[in-house]
Amino acid sequence: MLNTNLDTIDSLLHQNTYLDNGKLVNWDGKMDEVYSTISTSSEYKPTLLGTVPHMDEPTALAVLNSAVNAYDKGKGQWPTMRVKDRIECMKSFVEHMQTKRTEVVKLLMWEIGKTLPDSEKEFDRTVQYIYDTIDNYKQLDRDSAKFEKTDGINAHIRRGPLGLVLCLGPYNYPLNETFALLIPALIMGNTAVFKPAKFGVLLLSPLLEAFQKSFPAGVINVIYGRGREVAVPIMKTGKIDVLALIGHSTSAIALQDQHPYKNRLRLILGLEAKNPAIILPDADLDLAIEECLNGSLSYNGQRCTALKIIYVHDDIKDEFNKRFSKRVDELKFGQPWEEGVKLTPLPEPNKPAYIKELIEDAKEKGAKILNKKGGTVTDNYIYPAVLYPVNESMRVYQEEQFGPVVPIKSFNDIQELLDEIAKSNYGQQVSLFGKNVDTLAPLIDVLVNLVCRVNLNSSCQRGPDVLPFTGRKDSAVGTLSVHDALRSFSIRTFLASKDNPHNNDIIRKLLESKTSNFVSTDYLL
Ligand code: G3H
């Protein structure tokens, strides 16, 4: 177990089991070491945190089989269970989960370098997400607790599960985003195989027992290892009904391509984005600067919702650039648990070199680093560079940097800028800064068709989790939110009966005897 001092790792966490068919099964094969890029010694040295199983294809397929059996083609105990009983399992899970907050928060900091307040927020937000999901599911159930009569047919319409879900989450929100897929998938009656991301893997260990104790055997199964070695063979079997993935489109496409029955495979994907900020000449600059600072650099810019390019109007570009760059240089870099720290070690060891490449490429093509500290490389970090002027030929313009570098491009003609944003491969969100209603109105009317959330005078973000989270083009497939996710992971299915005394008598008996888990007009409180 890890101790509770946030700044030291006293003992290693050897995760030598995986969750299969309700059991924590010992893995005695190859193990992978898990390192943190955080160093606490005077000379830089990544910190060993523990080990996880390097699972192989036969084991992954055996685990898949557990999920297959638990679903049993829709005949299993879990997919046919009463809603209220599935809710009880979920409640038991979230109660267990809350007892593990300290350990999970500490691991979030060490594994992915997220600050203490943000790690705590990730945990608490996830717990809240689970409670909100339970409440929403109850409401969904209440809304379905009736018969609808149309053209002489009585219909009892509910939402049923889709089948087997392969769930893969991202490293930047290894708890929240993964659970935002897994929790609605499970509560709707699907069974799942879940593989944690490469970084942010050990933080799931404290929760394995909660999964094991709260759900029937085979409903949730957890595997470890490389995507190529375990996820690809699982997809090849054709037994997966839903690929739920938050990450890069290359991984999503590679996995989809393996599935032999593509028409059967449903996709719920949160993918890359390059959300722009547009600063109009009448924008409140103090506000725009603070929002862009937070939007582009909170968690070092490693958020799919991060502002990844800033478009500033020619009339105010000099003022904006000067003041924005000064604010960037005021951001404090340090260990995630230090007070007031905004920038923290990057979990991917090769990230500083990648960001450096983007900066050098931009410089060669005419951009300058505006801030003094910009581009300073240390062992596990590269200080955010504010790059200006950026143009379409630069890699930092084309690629989703997912790290600490802020490209700025100026504009004069807003119509040209709209054309440029319309050409982008991404379509998640935009931040729009300005106040004149006559200018804003036509922009909002177009931008809502280019992206899926226009943030007025604020940075982009996913939350609150009750709001729809989705994207156009390469940025997403399907919609997530507490409400939408329940729908994304289910399908409408119903009992229909002709309205005649014979059938109505049967329905009445079905309801009175409470023998069916599906046919019920009980009102879940
Ligand atoms: O990585 C993308 C996350 O969904 C962003 O969530 O906007 O709450 O940081 P956030």
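Residues numbered from 1 in each chain as written. Predicted model: local features only at pLDDT ≥ 70, side-chain atom pairs only at ≥ 80, totals over all residues. Heavy atoms only, no water.

### Some words on the domain arrangement of the protein
Quite often, the size of an interface is put as the accessible area lost when its parts meet.
Next up, step 1: Partitioning the protein into structural domains gives domain 1 (58–271 + 477–488) and domain 2 (276–463).
Next up, step 2: Between the C-alpha centres of domain 1 and domain 2 there is a distance of 32 Å.
Next up, step 3: At the interface, 18 residues of domain 1 touch 16 residues of domain 2.
Next up, step 4: Buried surface at the junction of domain 1 and domain 2, summed over both partners, amounts to about 1500 Å²; 57% is from carbon and sulfur atoms.
Next up, step 5: Per-residue buried area on domain 1 facing domain 2 is highest for Thr 115, Tyr 171 and Asn 172; these three make up 30% of the total on that side. (Domains from an automatic or database assignment. Contact = heavy atoms within 4.5 Å. Buried area = accessible area lost by both parts, 1.4 Å probe.)

### Quick look at the site of the ligand
Next up, step 1: Around the ligand, the neighbouring residues are Arg 125, Asn 172, Tyr 173, Glu 177, Arg 303, Cys 304, Thr 305, Gln 461, Arg 462, Gly 463 and Phe 469.
Next up, step 2: Between the ligand and the protein, one listed contact pairs an oxygen atom with a side-chain N or O atom of Glu 177 at 2.6 Å.
Next up, step 3: Cys 304 is positioned with one of its backbone polar atoms (N or O) 2.7 Å from an oxygen atom of the ligand.
Next up, step 4: Against a free-state accessible area of 300 Å², the protein chains account for coverage of 95% of the ligand.
Next up, step 5: Put simply, the ligand lies in the second largest pocket. (Near = heavy atom within 4 Å. Polar contact = N/O pair within 3.5 Å; in protein donor to acceptor, adjacent residues only side chain to side chain. Areas by Shrake-Rupley, 256 points an atom, 1.4 Å probe, with all protein chains shown as cover. 1 Å grid on protein atoms, 1.4 Å probe; cavity = no way out; pocket = protein on both sides within 12 Å on 5 of 7 lines; lining within 4 Å. Sits in = over half its atoms within 2 Å of the grid points.)

### Description of empty space enclosed by the protein
Next up, step 1: All told, the structure shown has two cavities of 30 Å³ or more when counted by the stated rule.
Next up, step 2: Its boundaries defined by the atoms lining it, the largest cavity holds a volume of some 60 Å³.
Next up, step 3: The wall of the largest cavity is formed by 13 residues, among which Leu 269, Gly 270, Phe 469, Thr 470 and Ala 476 lie closest to the centre.
Next up, step 4: Put simply, the parts of the chain that give the lining of the largest cavity at least two residues each are strand 12 (266–270) and strand 24 (476–477). (Points joined across faces, edges and corners; volume = space filled by probe spheres on them. Helix = DSSP H or I, 4+ residues; strand = E, 2+ residues; numbered from the N terminus.)

### Focus: the UniProt feature "domain: Aldehyde dehydrogenase" (unreviewed entry) in the protein
Next up, step 1: Per the UniProt record, the feature "domain: Aldehyde dehydrogenase" (unreviewed entry) sits at residues 38–490.
Next up, step 2: Annotated as 42% helix and 19% strand, the span residues 38–490 places its first and last C-alpha atoms 41 Å apart. (UniProt positions renumbered as here; feature names shortened; annotations may be inferred.)

### As for the sheet that holds strand 18 (residues 385–388)
Next up, step 1: With mixed pairing, the seven strands of this open sheet are ordered in space as 15-18-19-14-13-21-22. In the strand order of this sheet, the two ends are held by strand 15 (368–369) and strand 22 (454–456), each with one partner.
Next up, step 2: Judged from the three bridges that link them, strand 18 and strand 19 (residues 405–411) form a sheet pairing that is parallel. The residue bridging Val 386 from the neighbouring strand is Val 406, located in strand 19.
Next up, step 3: Sheet contacts for helix 9 (residues 285–297): strand 13 (275–279), strand 14 (307–313), strand 19 and strand 21 (430–433); angle to strand 14, the most-contacted strand, approximately 155°.
Next up, step 4: On top of the sheet, helix 14 (residues 437–450) reaches strand 13, strand 21 and strand 22; it is set at about 180° to strand 21, its chief contact. (Pairing = 2+ DSSP bridges. Axes fitted to C-alpha atoms, helices over the stretch in contact; angles between N-to-C directions.)

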